[in-house]
2 protein chains.
Amino acid sequence: MKNSEENMPSFEGSKKIYVPGVLHKDVRVPMREVSLSDKDMASLRVYDVTGPYTDDAVSVDVSKGLHPLRQDWILGRADVCASSDIAVQESVCLHGDFPVKRQALCAKPGQAPTQMAYARRGIITPEMEFVAIREGHDAEFVRKEVAEGRAIIPVNINHPECEPMAIGRNFLTKINSNIGNSALSSGIKEELEKMFWSVRWGADTVMDLSTGKNIRPTREWIIRNSPVPVGTVPIYQALEKVGGKVEALTWEAYRATLIEQCEQGVDYFTVHAGVLKDFVPLAKKRLTGIVSRGGSILAKWTQIHHKENFLYTHFEEICGILKMYDVAFSLGDGLRPGSTHDANDEAQFAELRILGELTQVAWKHDVQVMIEGPGHVPINKIKENMDLQLEVCHGAPFYTLGPLVVDMGAGFDHVTSAIGAAMIGSLGTAMLCYVTPKEHLALPDKEDVKEGIIVHKIAAHAADLAKGHPMAIALNNAMSKARYEFRWEDQYRLTLDPARSRRFREASLGDKQDPSARCCTMCGPDFCAMKITQEI
Amino acid sequence: MKNSEENMPSFEGSKKIYVPGVLHKDVRVPMREVSLSDKDMASLRVYDVTGPYTDDAVSVDVSKGLHPLRQDWILGRADVCASSDIAVQESVCLHGDFPVKRQALCAKPGQAPTQMAYARRGIITPEMEFVAIREGHDAEFVRKEVAEGRAIIPVNINHPECEPMAIGRNFLTKINSNIGNSALSSGIKEELEKMFWSVRWGADTVMDLSTGKNIRPTREWIIRNSPVPVGTVPIYQALEKVGGKVEALTWEAYRATLIEQCEQGVDYFTVHAGVLKDFVPLAKKRLTGIVSRGGSILAKWTQIHHKENFLYTHFEEICGILKMYDVAFSLGDGLRPGSTHDANDEAQFAELRILGELTQVAWKHDVQVMIEGPGHVPINKIKENMDLQLEVCHGAPFYTLGPLVVDMGAGFDHVTSAIGAAMIGSLGTAMLCYVTPKEHLALPDKEDVKEGIIVHKIAAHAADLAKGHPMAIALNNAMSKARYEFRWEDQYRLTLDPARSRRFREASLGDKQDPSARCCTMCGPDFCAMKITQEI
């Protein structure tokens, strides 16, 4: 299996550059430099998540995986050692497994190799400097944000291939793309291609939500080749391990799954620890019950066994495990509303308050935390979600699915989601989970993934612009200036899909028309307002 | 030329019904009744703009035009007479003109046949009752909204084919689709097809923005066959009349154009009367100058002649003309920002204040008014636009283009617009002008028009839901209930594009899978949260 131009088309008029670190000499931060024909500005540097795949000087063999750029940083801190956990040995011979075996790392006894722990001790790690350069911040600012829990840098010590990035409301708004198969579809190659495709269009993280066959080897291929953090929902694999029977789920099966995934290199876990036994009846008043897969599994478990959610009762042990690998929590909103009717109800907010309590428990263990948010929420109820999350979760980053602002948008739910995402992003949500046009109808294919990512990149840009991020302002002003000066080539390359922009315009021009003309077919040459204005 | 299934595909599982008036026995309000297999609710009635085209009992010959449903109401008020204006005669022999000649109507001397004049005199017209039934309001409420200028019913006495509708913030949020050719493209047949296509997907009004050939006959074909109000920007045709030379524009040429279009049946006019001579220099500080076509034309005229904008100086005369035909003003924002950089600047807000003054002048003449709004506006500056418009325009309806919340979204500007549109709609904007994926790049084709309309219908629904409109709540709840009960057929027919929803889901199912299965390929049968919840 090779990566190819098909999965990762190159960017027009752009080149990869690396900005070196100052505090850490081996930090090299990749950026995309877009060439412009603007007399005032020869190029614009933009944030780049595509990793080595878009560096012409690098050839990646996906059966070997990416270069582990963080390896020396991780080992240099001398707080980790080889892990001897049984979980890794177990799976060596699985069909389709990744050809290169790695020795998993874990914390030495008593150590906490987490970015939060370092930050709290006043250490600016290479990961923090990397993030600072990427986003145009001071490294000390990044350290403080991580130390105080307002941002996370989700980088497992077993995912050294990952380029460090930050999720926090004082950073660029990030987006996540979901990949992963279900029992009904999709193999390893297809999922790997979705990962390439996702980062090509701008996904800042990917979540592997596989519930079908070959969950473990699929994930291994993805992690070894992913330049962005990878998230999972471990309860899915735990459930597979007990034969798909919710009643058979145990803490022990879940714990083994956690360790297995920690050692593979998953960077953040969705953990539905806030779905408490007594909250489940609250969802019975709803129009659409529980719509989180993990949430419904744990709700069912609590009702079958008449016991408290084992993720809640074992939460401190989970913290102890995540701390050993620097895996971040994404505290799951298992009771998120699945319809605008159910938004902001008692079930949802009861869970959110618990997530706030758990945030403080995790921080006690130096484990990084973000909080997942809804779901389906009408516009008039979005702000209340953000305000309450900030208040009860002590400033931990918010990571929302949408929110979708209507329920009737099937076929176009990427747009219903982008609307809510832009709004909640402008209010401070740190990461937006993408939604594709197939939401509520089917598993997305590649084109859907692309559409979903692009409209959420737009939502994220809109949020960044609203918050006044200098990089967002620079990009939008560069585009507007190119537009006013009729620099069409520059306009194309500043868009999210240059080939589409070019095709749209050039297909509309007749054979005799000059593609560099100072007008488009929208208004024609005599009615172009910008042209007329320039004549005044 | 015939209308066809291709331009106006029928709605799955729906039928046209008519709700009779109470005050006016000949009022019959068309609605679409969607059949459901819900045991609690056999059908849902939804707002319907498609006119007779989706009534199986009606056959429309587009070369004869639609049945003039308002004719008796208009004549019954005995305040209009045959017009003898020369403009109509002039154009009889133009190439491509509509085959059936109509006698144009105008007010009898001293009369004001406008909905606002009737409303102010306490009269509930058939048009007002029609609107009341369509939207689930009391007829008296509609009358009061129109009397006080918070809503308009844009229905020219020369467009008797039009089904009355209201634009106002206490009504369902409307959307407009722009059609019309430019010098570079598109003929009469194509524009007529775009109109059919627009109303099929839910456009509440269409604006014919033609600037190319055959402006007048194109418009005639459109108006005679349009069940929704038609808007125009008369300065475009006035400019064609003077050979395309801005400096040659005169009040007389403009006046003749206005009368010609009033007599054809245009329902509302964009008039850029707020682009004052002294405001033009304010736009010189901008990144993208003036981006309104009409705005740039008038700005140029004022600077060439060193005179005040003739639309401003002749505004009372314009009111006198519009009053004779009940044409509504859409006071144009010629100085709207064309980039987020220029949003909410001095030029924009200076013009808005003038539009507020002109609103009161128009109301003095019983002429209905709405106000056009931007443009490109970042999320953090949207609310200020709505607040200022409400304040300085005395509650007249706001009609916005987008706003587009970023500048870098070319290729996806239907989405950048839908984001801003949903937000400003939820704050009270009454009508949203659609933007298509081709915005900034090329004139849209049919697929673009459809995409643009649908995402703005979603924005409008999101706004209505945020404002708590009972019809929006009913639709979304019906969809959510169908989703929770796995009624796939009901879900399809409640979406904006049932064929697309069905195709998305069914294409993902293997041969052996039952299309009515209680799951989709997103999660598969074992991981469906809604199914698991129902087992609890």
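Scroll up for the structure.
Residues numbered from 1 in each chain as written. Chains lettered and ligands numbered in written order. Predicted model: local features only at pLDDT ≥ 70, side-chain atom pairs only at ≥ 80, totals over all residues. Heavy atoms only, no water.

S.K.: Tell me what's going on with the overall build of chain A, and back it up with residues and numbers.
M.R.: When you go through chain A residue by residue, the secondary structure sums to 20 helices and 15 strands. The globule rule puts the C-alpha radius of gyration for 536 residues at 24 Å, and the 23 Å found for chain A is close to it. For chain A, the spread of C-alpha atoms along the three principal axes comes to 75 × 55 × 45 Å. Counting all 536 residues of chain A, 69% fall into the buried class. Long-range contacts, defined here as pairs at least 24 residues apart, represent 73% of the contacts in chain A between residues at least 6 apart. Per element, the accessible surface of chain A, about 17300 Å² overall, is 53% carbon and sulfur. In chain A, which carries 61 positive and 70 negative side-chain charges, the distance between the mean positions of the two groups comes to 1 Å. (Helix = DSSP H or I, 4+ residues; strand = E, 2+ residues; numbered from the N terminus. Rg over C-alpha atoms; globule rule 2.2 N^0.38 Å. Buried < 20%, exposed > 50% of the residue type's maximum accessible area, 1.4 Å probe, protein only. Contact = heavy atoms within 4.5 Å. Areas by Shrake-Rupley, 256 points an atom, 1.4 Å probe, with all protein chains shown as cover. Lys, Arg positive; Asp, Glu negative; His and termini not counted. Charge placed at Lys NZ, Arg CZ, Asp CG, Glu CD.)

S.K.: Account for helix α7 (residues 215-225) of chain A, naming residues and giving values.
M.R.: Burial within α7 of chain A is extensive, with eleven of its eleven residues counted as buried. By the burial criterion, the buried members of α7 of chain A are Ile-215, Arg-216, Pro-217, Thr-218, Arg-219, Glu-220, Trp-221, Ile-222, Ile-223, Arg-224 and Asn-225 of chain A.

S.K.: Just give me the short version of the sheet that holds strand β3 (residues 41-46) of chain A, but keep the residues and values in it.
M.R.: All names here are of chain A. The strand order across the open sheet built from three strands is β1-β2-β3, with neighbouring strands paired in antiparallel fashion. The sheet is open, and its two borders are formed by β1 (14-20) and β3, each paired with just one other strand. Along the sheet, successive strands turn relative to each other by an average axial angle of 40 degrees, direction set aside. As judged from the seven bridges shared by β1 and strand β2 (residues 28-38), these two strands associate in the antiparallel manner. Paired with Tyr-18 across the strands is Pro-30, a residue of β2. In the packing of helix α4 (residues 126-135) onto the sheet, the strands contacted are β1 and β2, and the crossing angle to β2 comes to about 10 degrees. Against the sheet, helix α17 (residues 470-484) contacts β2 and β3, and its axis sits at roughly 140 degrees relative to β3. (Pairing = 2+ DSSP bridges. Axes fitted to C-alpha atoms, helices over the stretch in contact; angles between N-to-C directions.)

S.K.: An account of the sheet that holds strand β3 (residues 41-46) of chain B is requested, with residue identities and associated values reported.
M.R.: All names here are of chain B. A sheet is described by the order of its strands in space; here three strands give the open sequence β1-β2-β3, paired in antiparallel fashion. Among the strands making up the open sheet, the edge pair consists of β1 (14-20) and β3. Averaged over all neighbouring strand pairs, the angle between strand axes comes to 40 degrees, with direction disregarded. As paired elements, strand β2 (residues 28-38) and β3 share five bridges and run antiparallel to each other. For Glu-33, the partnering residue across the bridge sits in β3 and is Arg-45. The sheet contacts of helix α4 (residues 126-135) involve β1 and β2, and relative to β2 the element is tilted by about 10 degrees. Where helix α17 (residues 470-484) meets the sheet, its contacts fall on β2 and β3, and the angle it forms with β3 comes to roughly 140 degrees.

S.K.: Residues and numbers for the packing of helix α6 (residues 188-201) of chain A against α7 of chain A, please.
M.R.: Residues and elements named next belong to chain A. One can describe the packing of α6 onto α7 by two numbers: an axis separation of 9 Å at closest approach and a directional angle of 30 degrees. Classified by the angle between their axes, α6 and α7 sit roughly parallel to one another. Seen from above, α6 lies across α7 with right-handed handedness. Packed against α6, whose contacting residues are Ile-188, Glu-191, Leu-192, Met-195 and Phe-196, the element α7 presents Pro-217, Thr-218, Trp-221, Ile-222 and Asn-225 at the interface. Here the residues of the contact of α6 with α7 sort into seven nonpolar, two polar and one charged. (Parallel < 35°, antiparallel > 145°, perpendicular 65-115°, else oblique. Left-handed = near helix turned anticlockwise from the far one by under 90°. Nonpolar A, V, L, I, M, F, W, Y, C, P; charged D, E, K, R; others polar.)

S.K.: Just give me the short version of the interface of chain A and chain B, but keep the residues and values in it.
M.R.: Counting residues at the interface gives 94 residues for chain A, matched by 94 residues for chain B. Summed over both partners, the interface of chain A with chain B comes to about 8000 Å²; 72% of that surface belongs to carbon and sulfur atoms. Per-residue buried area on chain A facing chain B is highest for Met-408, Phe-412 and Phe-527 of chain A; these three make up 11% of the total on that side. In this assembly, chain A and chain B are joined by two salt bridges. Close ionic contact of Lys-300 of chain A with Glu-535 of chain B constitutes a salt bridge, the shortest N to O distance being 2.7 Å. For the interface between chain A and chain B, the tally reads 16 residue pairs in polar contact (both at pLDDT 80 or more). Contributing elements (two or more residues each) for the side of chain A that touches chain B: α8 (234-241), α10 (293-305), α15 (413-426), α16 (446-466), α17, α18 (488-494), α19 (498-507) and α20 (529-535) of chain A. For the side of chain A that touches chain B, the class distribution of residues is 50 nonpolar, 30 polar and 14 charged. (Buried area = accessible area lost by both parts, 1.4 Å probe. Salt bridge = Lys/Arg side-chain N within 4 Å of Asp/Glu carboxyl O. Polar contact = N/O pair within 3.5 Å; in protein donor to acceptor, adjacent residues only side chain to side chain.)

S.K.: Residues and numbers for the pairing of strand β9 (residues 205-208) of chain A, please.
M.R.: All names here are of chain A. Burial along β9 is two-sided: Thr-205 and Met-207 and Val-206 and Asp-208, pointing in opposite directions, are all buried. Alignment of strand β8 (residues 174-179) against β9, held across four bridges, turns out to be parallel. Paired with Asn-178 across the strands is Met-207, a residue of β9. Crossover connection from β9 via α7 to parallel strand β10 (residues 230-232): handedness right-handed. (Right-handed = clockwise from strand over helix to strand, strands pointing away.)

S.K.: Any chance you could break down the pattern of salt bridges for me, citing the residues and the numbers?
M.R.: Residue and element names in this part refer to chain B. Counted according to the given criterion, the structure contains 79 salt bridges over all chains. A salt bridge links Arg-134 to Glu-163, with the nearest nitrogen and oxygen atoms 3.5 Å apart. Of this pair, Arg-134 sits in helix α4 while Glu-163 sits in the loop between β6 (151-152) and β7 (167-168), placing them 29 residues apart in sequence. Its relative accessible area of 7% is what places Glu-163 among the buried residues. Two residues, Lys-481 and Glu-485, come together in a salt bridge whose shortest N-O distance is 3.5 Å. Judged by its relative accessible area of 29%, Glu-485 falls in the partly exposed class.

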